[in-house]
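Residues per chain are reported as follows:
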There are 2 protein chains.
Amino acid sequence: MDTNSGLTRGGRASSPFNSAAPLSRGLAPDLLDRLLTPALLVDLRAAARNVDRVIAWAGADADRWRPHLKTTKTPQIWALLLARGLRAFKVATTAELRVLLELLDGLPAGDFGDVLVAYPQSSASARRTSQLAALHPRHTVSVLVEEPAAVGLVRPNVGLFVDANPGMDRTGAPYDDVDRILATARAAGPRLRGLHAYEGHLHADFPERGVRIDACFARLRGILRQLHGAGVVVAEVVTSGTPAFRHVLETRPLEGAAGEPLHRVSPGTVVLHDLRSELENPELGLEPAAVVLSRIVSRPRSGRVTCDAGSKALAAEAGSPVAVALGIRGLEAATPNEEHLPLDGPEGALPALGGLLDLVPMHVCPTVNLHDRVLLLDDDGVRDVPVAARGHELFVDD
Amino acid sequence: MDTNSGLTRGGRASSPFNSAAPLSRGLAPDLLDRLLTPALLVDLRAAARNVDRVIAWAGADADRWRPHLKTTKTPQIWALLLARGLRAFKVATTAELRVLLELLDGLPAGDFGDVLVAYPQSSASARRTSQLAALHPRHTVSVLVEEPAAVGLVRPNVGLFVDANPGMDRTGAPYDDVDRILATARAAGPRLRGLHAYEGHLHADFPERGVRIDACFARLRGILRQLHGAGVVVAEVVTSGTPAFRHVLETRPLEGAAGEPLHRVSPGTVVLHDLRSELENPELGLEPAAVVLSRIVSRPRSGRVTCDAGSKALAAEAGSPVAVALGIRGLEAATPNEEHLPLDGPEGALPALGGLLDLVPMHVCPTVNLHDRVLLLDDDGVRDVPVAARGHELFVDD
């Protein structure tokens, strides 16, 4: 994907968020005065509207969505999903699993969560996952397996989804190797919960993207038919990140597939939204709910100012620009350094020294992970909470 | 800089570290068994050897080095520098300043540190810096200013370095604008500690790099002459990150400059070293002292395995490859996802599922910042400590 093209083709004026109001307008002046920058701010009202839009795309059936929580990493944001009745989630790390299970324990008696650690396990992470599942036995916990030998790593209190690789070549048994998929499903036996097939590489523009998604699902229907014919029951199929989920929700490509599995999509970025997702999926109608607040601290030359949010506050791995400023036109981010982000523009458009910028990140998931705390804004005001599931756990003590 | 070229030109076999021994060989099997991956490991003995090499480049005069601590962010690693007599440091954030001042308070009575927060200040960060300086009055704390108006932000207990921009266009008053440099120095008055001029953009190969460094310093000598002529005393000049420091230490370009300032270089990456610095500066003779430990968790297709260190464990903003594996030949990292790093190679060279990789990051500074804890290895064994200065402080409470 050329993340530059969306902005470059249309020029600076086309930056999709540059006429939106800064989220920081909701912060009281005395709080802004005490706030050190860079700082992560999430508007919970905008995030809630995004959640409602995704559920609307799902025909108001929230149970068709198994959101990935790697983006948000914060139980206070996840509570928006619980409040709308969602109970099935995807996570990637044991830190995310631990924090989510603690949140789920707050559900009323008889209510429970269903968490897929959508990640192949090492021996240590499989033990830690099993330990966390045992500490929170009310909820169901599952992991990915992609070959028969991996099943033995996972203890019986943890369910299994067979991971199939639709061509993204990241994890999973290849679609072409149905023998391996079938052998893994058989090795899982009664612990088999379903099939996981993440087709997140489909970054092409529509309609080509739609054609490729359809081809992907035609092959997946074939795999399900073969598994069904071999007596393997697939109760659930989990697919689709942000680029594909809307097309999948609308076309329902696994309806009537062999065994009639429940088909859930798993976008996660949609809750906070970001610049990359907006460039790829402008039709989703989502709002930027997360910004990195930054201040202008330098004027190193004519036509340039520098703010205090670099690649240690705004993830820079998804390419340029790393962010766009809400509510400011004609400002273009240059390549960041670790604690500096220079911005270029006509002299008249440059903000003054000390000026506050609300920066919508190109890629919000690793950006959230850079921050230890997040300012949460809603109608009651602002509070700062830990990004409780950031980073990685270090040891499993059996 | 094309970070790919160094590896691509020579092909896979030229990866500079692929014949080095994995650092994880120093970890006991029972610890490795409990270790969740990805995890950051630093060999303090290798880091100490790197520190000794830099001091040797400085002609055994440790006081010519004002190391930048943004790379290491950990007092237990900074202790290596204190043990060799270094007392002058550079930091970028108030979190780094706080942790460093706490460490410096452990120095014997009468001994003290000299910390430059090499960063232009906002009103909030200037207040926080002043507050920290007041809490640790034994040590001297300074910040950067680049225009007269900025001097007023900084309280009198904090010293000032005028930041000059040698063409990197990141921060500082431009070299061409000597009037602004002079006016800022005059506004600083008796609080002026020196001049800061970071020429970190000099990524070209030698000898062209040397020519450009020399041209940069010829202009800096001219600026010092003008300041001196105007009655401004510049006691110290701080320059040079990793790409330029050796040439500068050897050629001493400010020797005999007007006012005879103390000239210190400020590389920080050299303590832990990384792939990018090795590709740019192979002549330094440094060792990779930091690795991200990772395990192979997937075989998504023939010729590829995937390990569990993605861009949330290995900073990916400096380009491909994000890392190379110590002690394994013929393995090439593909583009990472957030928690996945696929690696390609001939089938026979691919490590088995569960296999441990010691990954030397392309860019170690933001990689260290991704980790909450670090495993420190020395002759006494291994201990895990917090990366105490990672991230950013959120509020200043006056």
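Residues numbered from 1 in each chain as written. Chains lettered and ligands numbered in written order. Predicted model: local features only at pLDDT ≥ 70, side-chain atom pairs only at ≥ 80, totals over all residues. Heavy atoms only, no water.

## Description of the overall build of chain A
So the rule is basically this: What counts as a helix is a DSSP run of H or I of at least four residues, what counts as a strand is a run of E of at least two, and both are numbered from the N terminus. For this measure, only C-alpha atoms enter the radius of gyration; the expected value for a globule follows 2.2 Å times N^0.38, where N is the number of residues. Contacts are assigned to residue pairs with any non-hydrogen atoms lying within 4.5 Å of each other. Exposure was quantified through the Shrake-Rupley algorithm and a 1.4 Å probe, taking into account, for residues, occlusion by the shown protein chains and nothing else. His is not counted, nor are the chain ends; Lys and Arg add positive charge and Asp and Glu add negative charge. Here the site of a charge means atom NZ of a Lys, CZ of an Arg, CG of an Asp or CD of a Glu.
Across its full length, chain A holds twelve helices and 17 strands. Relative to the compact-globule value of 21 Å for 398 residues, chain A shows a C-alpha radius of gyration of 22 Å, a close match. Projected onto the principal axes, the alpha-carbon positions of chain A cover approximately 70 × 45 × 35 Å. In chain A, the proportion of contacts linking residues at least 24 apart, taken out of those at least 6 apart, comes to 73%. Counting only carbon and sulfur atoms, one obtains 51% of the accessible surface of chain A, whose full area is about 13400 Å². Across chain A, 42 positive and 48 negative side-chain charges occur, with their mean positions spaced 1 Å apart.

## Concerning the pairing of strand β14 (residues 341–344) of chain B
Residue and element names in this part refer to chain B. Short version of the rule: Each residue's exposure class comes from its accessible area (1.4 Å probe, protein chains only) as a fraction of the maximum for that residue type: buried when under 20%, exposed when over 50%, partly exposed otherwise. When DSSP finds two or more bridges between a pair of strands, those strands are recorded as paired.
The alternating pattern of β14 places L341 and L343 on one face and P342 and D344 on the opposite face, and all of these are buried. Summarising the sheet, strand β11 (residues 304–307) and β14 pair through four bridges and their orientation is antiparallel. Residue C307 lies in a different strand from β14, and its bridge partner there is L341. One ladder, built from two bridges, connects strand β13 (residues 332–333) with β14; its direction is antiparallel. Residue pairing across strands places A333 opposite L343, the latter belonging to β14.

## Observations regarding the interface of chain B and chain A
How large an interface is tends to be reported as the accessible area lost when its parts come together. Cut-off, in case you're wondering: Note on terms: buried area is the combined drop in 1.4 Å-probe accessible area of two parts once they are placed together, counting the loss on both. By definition, a salt bridge exists where a carboxyl oxygen of Asp or Glu is found within 4 Å of a side-chain nitrogen of Lys or Arg.
Every contact between the two is made by 69 residues of chain B and, on the other side, 69 residues of chain A. With both chains or domains summed, chain B and chain A bury close to 5800 Å², and 53% of this area falls on carbon and sulfur atoms. Between chain B and chain A we count twelve salt bridges in total. One salt bridge in this structure joins K70(A) and E338(B), with 2.8 Å as the shortest N-O distance.

## Considerations on helix α5 (residues 94–104) of chain A
Judged by how many residues are buried, α5(A) sits mostly within the fold: eight of eleven residues are covered. Those residues of α5(A) hidden inside the fold are in contact with α4 (75–83), β2 (88–91), β3 (114–120), α6 (123–135) and β4 (140–145) of chain A.

## Focus on the environment of E102(B)
All names here are of chain B. Secondary-structure assignment places E102 in helix α5 (residues 94–104). Given a relative accessible area of 46%, E102 falls into the partly exposed group. Linking E102 and P253, residues 151 residues apart in sequence, is a C-alpha distance of 35 Å.

## Side note on the packing of helix α3 (residues 44–57) of chain A against α4(A)
Residues and elements named next belong to chain A. Keep this limit in mind: Lines fitted to C-alpha atoms define the axes here, with helix axes fitted over just the stretch in contact, and angles between the N-to-C directions of these axes take values from 0 to 180 degrees. Should the near helix be turned counterclockwise from the far one by less than a right angle, the crossing is left-handed, whereas a clockwise turn marks it as right-handed. Think of it as three bins: nonpolar holds Ala, Val, Leu, Ile, Met, Phe, Trp, Tyr, Cys and Pro, charged holds Asp, Glu, Lys and Arg, and polar takes everything else, Gly as well.
Packing of α3 against α4 brings their axes to within 10 Å, and their N-to-C directions diverge by 35°. Two packed elements cross with a definite hand, and for α3 against α4 that hand is right-handed. Each of L44, A47, A48 and V51 in α3 lies in contact with α4, whose residues at this interface are Q76, I77, L80 and L81. The residue inventory of the contact of α3 with α4, partitioned by class, reads seven nonpolar, one polar and no charged.

## A short note on the pattern of salt bridges
All names here are of chain A. In this structure the tally under the stated criterion is 68 salt bridges over all chains. The salt bridge partner of R66 is E236, with a shortest N-O separation of 2.9 Å. Note that R66 is positioned in the loop between α3 and α4 and E236 in strand β8 (residues 236–239), a separation of 170 residues in sequence. E236 matches R66 in its accessibility class, with the two residues each being buried. Put simply, D63, R66, D114, R193, E236 and R264 are held in one network by salt bridges that share partners.

## Describing the domain arrangement of chain A
Residue and element names in this part refer to chain A. Applicable threshold: The start and end points of each domain follow an automatic or database-based domain assignment.
The assigned domain composition of chain A is domain 1 (5–42 + 277–386) and domain 2 (66–266). Measuring from the centre of the C-alpha atoms in domain 1 to the corresponding centre in domain 2 gives 33 Å. Counting residues at the interface gives 15 residues for domain 1, matched by 14 residues for domain 2. When domain 1 packs against domain 2, the two sides together hide about 1200 Å² of surface, and 59% of this comes from carbon and sulfur.

## Some thoughts on the relation of the copies chain B and chain A
Short version of the rule: Copy-to-copy alignment: least squares on C-alpha atoms, limited to residues at pLDDT 70 or above in both.
Of the two same-sequence chains, chain B is brought onto chain A (RMSD 0.0 Å, axial shift 0.0 Å) by a rotation of 180°. Such a combination of rotation and displacement between the chain copies is what one expects of a two-fold axis. Measuring from the rotation axis to each C-alpha of chain B, the shortest distance belongs to E317(B), at 2.2 Å. A share of 100% of the interface residues of chain B reappears at the interface of chain A, consistent with the copies meeting face to face through the same patch.

## Here we look at the UniProt feature "domain: D-serine dehydratase-like" (unreviewed entry) in chain A
Operational definition: UniProt positions are given in the numbering used here, feature names are shortened, and annotations may be inferred rather than shown by experiment.
UniProt's entry tags residues 289–378 of chain A with the feature "domain: D-serine dehydratase-like" (unreviewed entry), counted in the numbering of this structure. Structurally, residues 289–378 of chain A comprises 8% helix and 41% strand, and the distance from its first C-alpha atom to its last is 11 Å.

## Considerations on the side chain of N50(B)
Residues and elements named next belong to chain B. Summarising the element assignment, N50 is placed in helix α3 (residues 44–57). Classification of N50 by relative accessible area gives buried; the value is 0%. Setting aside residues up to four positions removed in sequence, N50 forms contacts with V270, V271, L272, H273, L286, E287 and A289.

## As for the packing of aromatic side chains
What counts, and what does not: Stacked, tilted and edge-to-face are the three classes assigned to paired rings of Phe, Tyr and Trp, where Trp is represented by its six-membered ring and a pair needs centres within 6.5 Å; plane angles under 30 degrees give stacked, over 60 edge-to-face, the rest tilted. Comment: the charge-over-ring label is applied if NZ (Lys) or CZ (Arg) is within 6 Å of the ring centre and within 35 degrees of the ring normal.
Taken as a whole and judged by the stated rule, the model has zero aromatic pairs over all chains. Taking NZ or CZ as reference, R34(A) lies 4.7 Å from the ring centre of F395(B), over its face. Its guanidinium or amino end placed over the ring of W57(A), R246(A) lies 5.2 Å from that ring's centre, counting from NZ or CZ.

## What about the pairing of β8(A)?
Residues and elements named next belong to chain A. Using the following cut-off: Handedness of a crossover is defined as follows: orient the strands so they point away from the viewer, and if the path from the first strand over the helix to the second runs clockwise, the crossover is right-handed.
Judged by which residues are buried, β8 turns out to be covered on both faces: E236 and V238 on one side and V237 and T239 on the other are all buried. As for the winding sense of the linkage, the β-α-β connection from strand β7 (residues 192–197) through helix α9 (residues 208–229) to β8 is right-handed. The parallel pair β8 and strand β9 (residues 262–265), bridged by helix α10 (residues 245–251), forms a crossover whose chirality is right-handed.

## Things to note about the packing of helix α4 (residues 75–83) of chain B against α5(B)
Residue and element names in this part refer to chain B. Put simply, the rule reads: Any angle from 65 to 115 degrees is called roughly perpendicular, while one under 35 is roughly parallel, one over 145 is roughly antiparallel, and all others are oblique.
Following both chains from N to C, one finds α4 and α5 inclined at 55°, their axes separated by 11 Å at the closest point. Here α4 is positioned oblique relative to α5, judged by the angle of their axes. Remark: the crossing between α4 and α5 carries right-handed chirality. Note on element contacts: α5 touches α4 through E96, V99, L100, L103 and L104, opposite P75, W78, A79 and L82. When the residues that make up the contact of α4 with α5 are grouped by side-chain class, the tally is eight nonpolar, no polar and one charged.

## Describing helix α9 (residues 208–229) of chain B
All names here are of chain B. Quick reminder of the rule: A helix is expected to reach a length of 1.5 Å times the quantity of its residues less one.
The end-to-end C-alpha distance of α9, which contains 22 residues, comes to 32 Å, matching closely the 32 Å that a straight helix rising 1.5 Å per residue would cover. Three or more residues of α9 are buried, namely R209, G210, I213, C216, F217, L220, G222, I223, L224 and L227. Looking at the buried side of α9, the elements it contacts are α8 (178–188), β7 (192–197), β8 (236–239), α10 (245–251), β9 (262–265) and α11 (275–280). Just beyond α9, the residue with positive phi is G231, at close to 85°.

## Overview of the confidence of the model for chain A
Let me state the cut-off plainly: Per-residue confidence from the prediction method is given by pLDDT, with values spanning 0 to 100.
A residue-level look at chain A finds 96% of positions with pLDDT of 70 or above and a mean pLDDT of 94. Confidence drops under pLDDT 50 across residues 1–13 of chain A; counting only partners more than four residues distant or on other chains, this segment forms 28 contacts.

## A short note on the side chain of N369(A)
The residue N369(A) is located in helix α12 (residues 364–370) in this model. Classification of N369(A) by relative accessible area gives buried; the value is 1%. Setting aside residues up to four positions removed in sequence, N369(A) forms contacts with K73(A), R390(A), G391(A), K312(B), L370(B) and R390(B).

## Quick notes on the environment of D111(B)
All names here are of chain B. To be explicit about the condition: Polar contacts here mean pairs of N or O atoms no more than 3.5 Å apart (in protein, one a potential hydrogen donor and the other a potential acceptor; neighbouring residues in sequence count only if both atoms are side-chain atoms).
By the secondary structure assignment, D111 is in the loop between α5 and β3 (114–120). Along the backbone, D111 and S311 are 200 residues apart, and their C-alpha atoms lie at a distance of 41 Å. Setting aside residues no more than four positions away along its own chain, D111 makes contact with R87 and R138. Here R87 takes part through its side chain, which lies 2.9 Å from a polar atom of the side chain of D111.

## A word on unusual backbone geometry
Cis geometry marks the peptide bond from S320(A) to P321(A), where omega comes out at -10°. Here the residue pair T37(B) and P38(B) is connected by a cis peptide bond, since its omega of 5° sits within 30 degrees of zero. Topologically, P38(B) is positioned in the loop between α2 (29–34) and β1 (39–43). Phi angles above zero are rare outside glycine, and S240(A) is one such case at about 70°. Mapped onto the secondary structure, S240(A) falls in the loop between β8 and α10. Residues other than glycine seldom take positive phi values, yet D169(B) does so here, at roughly 60°. D169(B) sits in the buried class, given a relative accessible area of 18%.

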